[in-house]
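# Structure at a glance
Listed below are the residues making up each chain.
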Amino acid sequence: MRETQGKTVQVSPLGDDLAFLDIVTEWDYGSAYHDWKASIVVPPTFLPGALPRVIAISNQKGGAGKTTTALELAMALVARGLRVRIIDADPQEASLSVWLQFFYPEGVPADERKHLTHLYFDQSVTLQEITYATPYEGLYFVPSFPDLEDVETKHPTGTETALQYHLSKPDDDIDVTIIDCGPGLGPLTVSALVAAHDVIIPVQAASGLDARGAAALNRTITSVQGRLNTELRVAAVVLTDFEKSGLARQIGGKLAKAYPNAVILPARTSVRIGEAQLARKPLRVFAAGVTTVLDYDRGASVLFVTGARA
Ligand SMILES: Nc1ncnc2c1ncn2[C@@H]1O[C@H](COP(=O)(O)OP(=O)(O)O)[C@@H](O)[C@H]1O
Ligand SMILES: [Mg+2]
């Protein structure tokens, strides 16, 4: 792993006296609308995942909240003392690099700056080599580059199993690897699903299109489960940009039915997300007590053994 900066910021745990959502065992379909409130659904069949763990964050729809989920979940885990690596597997956006104020170590010439594309095309590159420190203690980052698209078009030998190959020999003390997938269900996303133990699906809580995207993703997940990764499971559906509405309730209910063994996690809406992006900071660092941060924090504790159902 490579250091990019000397000093790192420690991320603090949150207090317990904040407006966390209740944790319940099933989606509330029946109560009157004015009694209904957002809650985190943890089905009795759900078991939190053991460490080390690989999580793919996926939905073929852009703007579903994948990158936000990847980052804020990672920050919540880092605050619990875990060592977390985020892999940026989206060739189209540099949003994660911006949020993490990522830059290459000083003195490395441009043509030697290694990133995820090299892992697919060059058999001699290791995951450790392209894993960089970030400004946050315990958080590591594998950057992307626009030429990552070549993986989709040129499809180098072993594309689908490349990430799995590297992630199945955890020799760098990373507890959780979170793969932020791009939109689309091509070879890159398939390679993330093959490498992952869990998939987390973010869906805009009030977007019917996102919910349809989640259905298409389900077909891809099923085909990966069939041959390439029989152990893969959908661990959670995150209802992003969540606000109480009849539509959000209906979409959440549909997804809870479609994924009966998954945690359903509302991530409440906040204008501070955009402000945090402008300030180039994860939301958890920019505005720790914001409801969205609380939701990812509770989500992190139900999804992993560490601190699970505390
Ligand atoms: N809980 C939330 N509340 C308000 N806005 C959100 C929330 N989650 C995500 N967003 C916004 O939605 C947009 C898309 O999110 P992003 O994570 O980039 O999606 P994706 O990675 O799926 O394309 C961003 O502008 C982000 O700020
Ligand atoms: Mg994204």
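Residues numbered from 1 in each chain as written. Chains lettered and ligands numbered in written order. Predicted model: local features only at pLDDT ≥ 70, side-chain atom pairs only at ≥ 80, totals over all residues. Heavy atoms only, no water.

### Section: helix α11 (residues 291–303)
Residues three or four positions apart in an α-helix share a direction because the helix packs 3.6 residues into each turn. Let me state the cut-off plainly: Here a helix means four or more residues in a row that DSSP labels H or I, a strand means two or more in a row labelled E, and each is numbered from the N terminus. Between the first and last residue of a helix there are one fewer steps than residues, each counted as 1.5 Å, and that sum is the expected span. We call a residue buried when its accessible area falls under 20% of the maximum for its residue type, exposed when it is over 50%, and partly exposed in between, using a 1.4 Å probe and counting protein chains only.
Relative to the 18 Å expected for 13 residues at 1.5 Å per residue, α11 spans 18 Å between its end C-alpha atoms, a close match to the ideal helical length. A large share of α11 lies buried, amounting to 11 of its 13 residues. Regarding α11, the residues found buried are Thr-292, Val-293, Leu-294, Asp-295, Tyr-296, Asp-297, Gly-299, Ala-300, Ser-301, Val-302 and Leu-303.

### So, the site of ligand 1
Spelled out, the test is: Residues are counted as near a molecule or strand when any one of their heavy atoms sits within 4 Å of it. Side-chain atoms alone can form a polar contact between residues adjacent in sequence; in general such a contact is a pair of N or O atoms within 3.5 Å, and within protein one must be able to donate a hydrogen while the other accepts it. Here, Shrake-Rupley sampling with a 1.4 Å probe gives the accessible areas, and only protein chains in the shown set may cover a residue. Grid points spaced at 1 Å over the protein atoms alone were grouped into cavities, where a 1.4 Å probe fits but cannot get out, and pockets, open sets with protein on both sides within 12 Å along at least five of seven lines, with lining residues defined by an atom within 4 Å of a point. In this description, a molecule resides in a pocket or cavity if more than half of its atoms sit within 2 Å of the grid points defining it. For this scheme, ten residues count as nonpolar: Ala, Val, Leu, Ile, Met, Phe, Trp, Tyr, Cys and Pro. Four count as charged, namely Asp, Glu, Lys and Arg, and the remainder, Gly too, count as polar.
Surrounding ligand 1, one finds 16 residues, the nearest of these being Gly-63, Gly-65, Lys-66, Thr-67 and Thr-68. Within the backbone of Gly-63, a nitrogen or oxygen atom sits 2.7 Å from an oxygen atom of ligand 1. Residue Lys-66 places a side-chain N or O atom 2.9 Å away from an oxygen atom belonging to ligand 1. Its free accessible area being 560 Å², ligand 1 has 83% of it covered by the protein chains. Applying the majority rule of atoms within 2 Å of the grid points places ligand 1 in the largest pocket. Counting only elements with at least two residues in the shell around ligand 1, the list comes to α1 (66–79), β10 (263–268) and α9 (272–278). The element that contributes the greatest number of residues to the shell around ligand 1 is α1, accounting for 3 residues. Looking at the shell around ligand 1 residue by residue, the class counts come to 3 nonpolar, 10 polar and 3 charged.

### Remarks on the pairing of strand β4 (residues 84–89)
The condition that has to hold: Two strands pair under a simple rule: DSSP has to find at least two bridges between them.
With 6 of 6 residues buried, β4 lies mostly within the body of the structure. Side chains Val-84, Ile-86 and Asp-88 project from β4 onto one buried face, and the interleaved Arg-85, Ile-87 and Ala-89 project onto a second face that is buried too. Of the pairings in the sheet, the one linking β4 to strand β6 (residues 139–142) comprises 4 bridges and is parallel in character. Within β6, the position partnered with Ile-86 by the bridge is Phe-141. Note that β4 and strand β7 (residues 176–181) share 6 bridges and pair parallel. Considered in β7, the bridge of Val-84 is made with Val-176.

### Details of the packing of aromatic side chains
The condition that has to hold: Any two rings among Phe, Tyr and Trp, with Trp reduced to its six-membered ring, count as a pair given centres within 6.5 Å; such a pair is stacked if its planes are under 30 degrees apart, edge-to-face if over 60, and tilted if neither.
In this structure the tally under the stated criterion is 7 aromatic pairs. Summarising the aromatic geometry, the rings of Phe-102 and Tyr-132 are spaced 5.3 Å apart at their centres and angled 65° between planes, so their arrangement reads as edge-to-face. Pair noted here: Phe-102 is in the loop between α2 (95–99) and α3 (116–121) and Tyr-132 is in strand β5 (residues 132–133), with a separation of 30 residues, a long-range link. Summarising the burial analysis for this pair, Phe-102 and Tyr-132 share the class buried. Aromatic side chains Phe-102 and Phe-141 sit 5.2 Å apart centroid to centroid with 70° between the ring planes, which places their arrangement in the edge-to-face category. In this pair, Phe-102 sits in the loop between α2 and α3 while Phe-141 sits in strand β6, placing the two residues 39 residues apart along the sequence.

### Describing helix α7 (residues 208–227)
A rise of 1.5 Å per residue sets the reference length of α7, with its 20 residues, at 28 Å; its end C-alpha atoms lie 30 Å apart and thus fit the reference within 8%. Buried within α7 are the following residues: Asp-210, Ala-211, Gly-213, Ala-214, Ala-216, Leu-217, Thr-220, Ile-221 and Val-224.

### Here's the deal with the packing of helix α6 (residues 187–195) against α7
Any two packed helices are characterised by how steeply their axes cross, that is the angle between the axes, and by the distance between the axes. The criterion, for reference: Only C-alpha atoms enter the line fits that serve as axes; for helices the fit covers just the stretch in contact. Angles between N-to-C directions range over 0 to 180 degrees. Throughout this description, any angle smaller than 35 degrees is read as roughly parallel, any larger than 145 degrees as roughly antiparallel, any in the 65 to 115 degree range as roughly perpendicular, and the remainder as oblique. Left-handed describes a crossing in which the near helix is turned anticlockwise from the far one by less than a right angle; the clockwise case is right-handed. Two residues form a contact once any of their heavy atoms are found within 4.5 Å.
Their axes nearest at 10 Å, the elements α6 and α7 cross at an angle of 55°. Compared by their axis directions, α6 and α7 come out oblique. Seen from above, α6 lies across α7 with right-handed handedness. Note on element contacts: α7 touches α6 through Thr-220, Ile-221 and Val-224, opposite Val-190, Leu-193 and Val-194. For the contact of α6 with α7, the per-class residue count stands at 5 nonpolar, 1 polar and no charged.

### Comments concerning the packing of helix α5 (residues 159–167) against α6
Interaxial distance between α5 and α6 falls to 7 Å at its minimum, and their mutual angle equals 35°. When you trace α5 past α6, the crossing you get is right-handed. The segment α5 lies against α6, with Thr-159, Glu-160, Thr-161, Leu-163, Gln-164 and Leu-167 engaging Pro-187, Val-190, Ser-191, Ala-192, Val-194 and Ala-195. For the contact of α5 with α6, the class distribution of residues is 7 nonpolar, 4 polar and 1 charged.

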